[in-house]
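# Observations on chain architecture
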Amino acid sequence: MNTYSLTQDLYYVGVNDRHTHLFENMLPLPYGVSYNSYLLIDDKTVLIDTVESQFADSFLENVKSVLGNRSLDYLVVNHMEPDHSSGIKAIRALYPNVKVVGNSKTIAMLQGFYGVNSDLLEVKEGDVLELGKHRLRFYMTPMVHWPEVMMAYEETEEILFSADAFGCFGTLDGAVLDKDLDLDKYYQEMYRYYANIVGKYGNPVQAALKKLGALSLKMICTLHGPVWTDSIAKTVGIYDQLSKYQGQEGVVIVYGSMYGHTEKMAEAVARGAMKYTKKVILHDVSKTDVSQILSDIFKYKGVIIGSATYCNALYPNISSLVEKIELRGLKNRVFAAFGNFTWAGATIKPLEAFATNLGWTLKSSYEVKQGLQPNDYEQLRTLGGEVAQAVIAQPEANN
Ligand SMILES: Cc1cc2nc3c(=O)[nH]c(=O)nc-3n(C[C@H](O)[C@H](O)[C@H](O)COP(=O)(O)O)c2cc1C
Ligand SMILES: [Fe+2]
Ligand SMILES: [Fe+2]
């Protein structure tokens, strides 16, 4: 078994997934992902969330190794997405007397997904589960990914079980506490995790942060990635900034190009932006995975999109990117567009309409017919420079 003791009575019993290529069958996992689960041992025993069912064998081994001869009294279900709930069947089979703890929405989903309709304990906002020395208080945090999401706060040791919030991709290789890990990869993956999975739910994340703001936190036990202790302030700060849709200083330039004209335009735009900030990131939409592009667009305040004209519309991969940004309702960005065409340009209008709909600040856009002339390079550098200047000139407080 691979379990870790987090405090005298709390154990990490989750698993690492290095097999799955695509999370949600869509998002690449270059560093894998962990499905975290926690076991608290007191007069009563309680498991908090389970793991993806294909890892049930290792998971049950972990749980059994900590419980020994004791039985499991409670299973708290903070989140019903199957990466955490599909292990419930295996736990109920091994511990048939376990009471499953959830709110009314959790209970409806338990019935819907797994046919569970007995041995349930419904909890509401502020309810407490007494365990002996420890007590868990429940806070409803709907839409911090799904409507049934809740968090459990252990009041004696000040530990928050935060469901998907404060999570990130990346397996836990040999340790689970933040202070024992090199955190670079997790923080990098936190932006990609947030942008792609939680990105649409900025307001619910803000509501949850306000609700939990008064709690003193010694440890945050998230469902993916490190257990946060020393780095709680930094981690909560990143979630706070992302959920307010605040961008950092920097410009992300994304282009879609078939024959290289739009790409040359992107290079000139980057050169113009680079005069004002070193944080210039250039992505070919057909090469870089869209999850990484979204991650960077969520991180930085300047966004410039370039497209070749394609069948009187945007280049299809750019269309698809734009749709993904719209779906997430990303706010507070400074934007400009550029495009290339042969007979009738059709890039600037839809790109400006997209940015206007999101309430972004627009700078002048620029379209070129066929090959680039020296003056075009000049214009494109100016375009890049204008966006860069705007993102360094605006202090965060004005977002
Ligand atoms: C499948 C296809 C569809 C195109 N549709 C249009 C179009 O509707 N209007 C237009 O002006 N140019 C159209 N073009 C021409 C390209 O926009 C033009 O070649 C442009 O220079 C390509 O930019 P790129 O070099 O960055 O790929 C089309 C090209 C292709 C291959
Ligand atoms: Fe989730
Ligand atoms: Fe999850």
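Higher on the page you've got the structure.
Every residue gets a number counted from 1 within its own chain, in the order that chain's sequence is written. Chain labels run from A onward and ligand labels from 1 onward, assigned in the order the entries are written. Whole-chain, interface and lining totals are the exception, using all residues; otherwise, since this is a predicted model, local features are given only for residues with pLDDT of at least 70 and side-chain atom pairs are given and counted only at 80 or more. Side-chain measures here rest on the full set of heavy atoms in the structure, leaving out hydrogens and waters.

Here we come to the overall build of the protein. The number of helices and strands found in the protein is 12 helices and 23 strands. With C-alpha atoms as the basis for the radius of gyration, the globule rule is written as 2.2 Å multiplied by the number of residues raised to the power 0.38. The C-alpha radius of gyration computed for the protein amounts to 24 Å, which stays within 12% of the reference 21 Å derived for 399 residues, consistent with globular compactness. Judged by the C-alpha coordinates and their principal axes, the protein covers about 80 × 40 × 35 Å. Going through the 399 residues of the protein one by one, you find that 56% of them count as buried. The method behind every accessible area is Shrake-Rupley, applied with a 1.4 Å probe, and residues are considered shielded solely by the protein chains displayed. When the accessible surface of the protein is summed, it comes to about 16400 Å², and 49% of that surface belongs to carbon and sulfur atoms. The centroid of the 37 positive side-chain charges in the protein is displaced by 5 Å from the centroid of its 45 negative side-chain charges. Every helix listed is a DSSP run of H or I at least four residues long, and every strand listed is a run of E at least two residues long, numbered separately from the N terminus. Here's how the labels work: a residue is buried when its accessible area is under 20% of the maximum for its type, exposed when over 50%, partly exposed in between, all with a 1.4 Å probe on protein chains only. Only four residue types enter the tally: Lys and Arg on the positive side, Asp and Glu on the negative side; His and the chain ends are excluded. For the purpose of locating charges, the reference atoms are NZ of Lys, CZ of Arg, CG of Asp and CD of Glu.

Now for the site of ligand 1. Neighbouring ligand 1 are 16 residues, the closest being Ser257, Met258, Thr262, Asn312 and Asn340. Polar contact is defined as a pair of N or O atoms within 3.5 Å, subject to the rule that within protein one atom must be able to donate a hydrogen and the other to accept it, and that residues adjacent in sequence are counted only when both atoms are side-chain atoms. Thr262 is positioned with one of its side-chain polar atoms (N or O) 2.6 Å from an oxygen atom of ligand 1. The separation between an oxygen atom of ligand 1 and a polar main-chain atom of Trp343 is 2.8 Å. Across the complex, the protein chains shield 85% of the 630 Å² of accessible surface that ligand 1 would expose by itself. Within the residue set of the shell around ligand 1, elements represented by two or more residues are helix 8 (261-274), strand 19 (300-310) and strand 21 (334-341). When we say a residue is near a molecule or strand, we mean one of its heavy atoms is within 4 Å of it.

Note on donors: an N, O or S atom is included if it sits within 2.8 Å of the metal, or within 3.2 Å for Na, K and Ca, and water is never included, so sites can look incomplete. For the iron ion (ligand 3), every protein donor is listed as Asp83 (OD), His84 (NE2), Asp164 (OD) and His224 (NE2), and the spread of their distances is 2.1 to 2.4 Å. Working rule for geometry: tetrahedral if four donors all subtend angles between 85 and 135 degrees; square planar for four, octahedral for six, if opposite donors exceed 155 degrees and the others stay between 65 and 115; irregular in every other situation. One way to put it: the 4 donor atoms around the iron ion (ligand 3) meet at angles of 84 to 169°, and that makes the site irregular. Each donor residue of the iron ion (ligand 3) belongs to the same chain, and together they define the spacing D-H-x79-D-x59-H. A separation of 3.5 Å is found between the iron ion (ligand 3) and the iron ion (ligand 2), both of which receive a donor from Asp164. Separated by 140 residues along the polypeptide, His84 in helix 2 (residues 82-85) and His224 in the loop between strand 16 (219-221) and helix 7 (232-243) bring together distant segments of the chain. Of the two residues examined, His84 and His224, each falls in the buried class.

In this structure, Asn62 sits in helix 1 (residues 56-67). Among the residues examined, Asn62 registers a relative accessible area of 3% and is labelled buried. A distance of 3.2 Å separates a polar side-chain atom of Asn62 from the backbone oxygen of Val13. Not counting chain neighbours up to four residues away, the residues in contact with Asn62 comprise Met1, Asn2, Thr3, Val13, Gly14 and Val15. A contact between two residues is defined here by any heavy atoms of the two lying within 4.5 Å.

A residue counts toward a patch only above 30% relative accessible area and without a salt bridge, and it is joined to like-charged neighbours within 9 Å or, for Val, Leu, Ile, Met, Phe, Trp and Tyr, to nonpolar neighbours within 5 Å. Take a side-chain nitrogen of Lys or Arg and a carboxyl oxygen of Asp or Glu: if they are within 4 Å of each other, that pair is a salt bridge. Taken together, the side chains of Met258, Tyr259 and Tyr310 define a hydrophobic patch exposed on the protein surface, amounting to about 360 Å² of accessible area. Relative to the assigned elements, Met258 resides in the loop between strand 17 (248-256) and helix 8.

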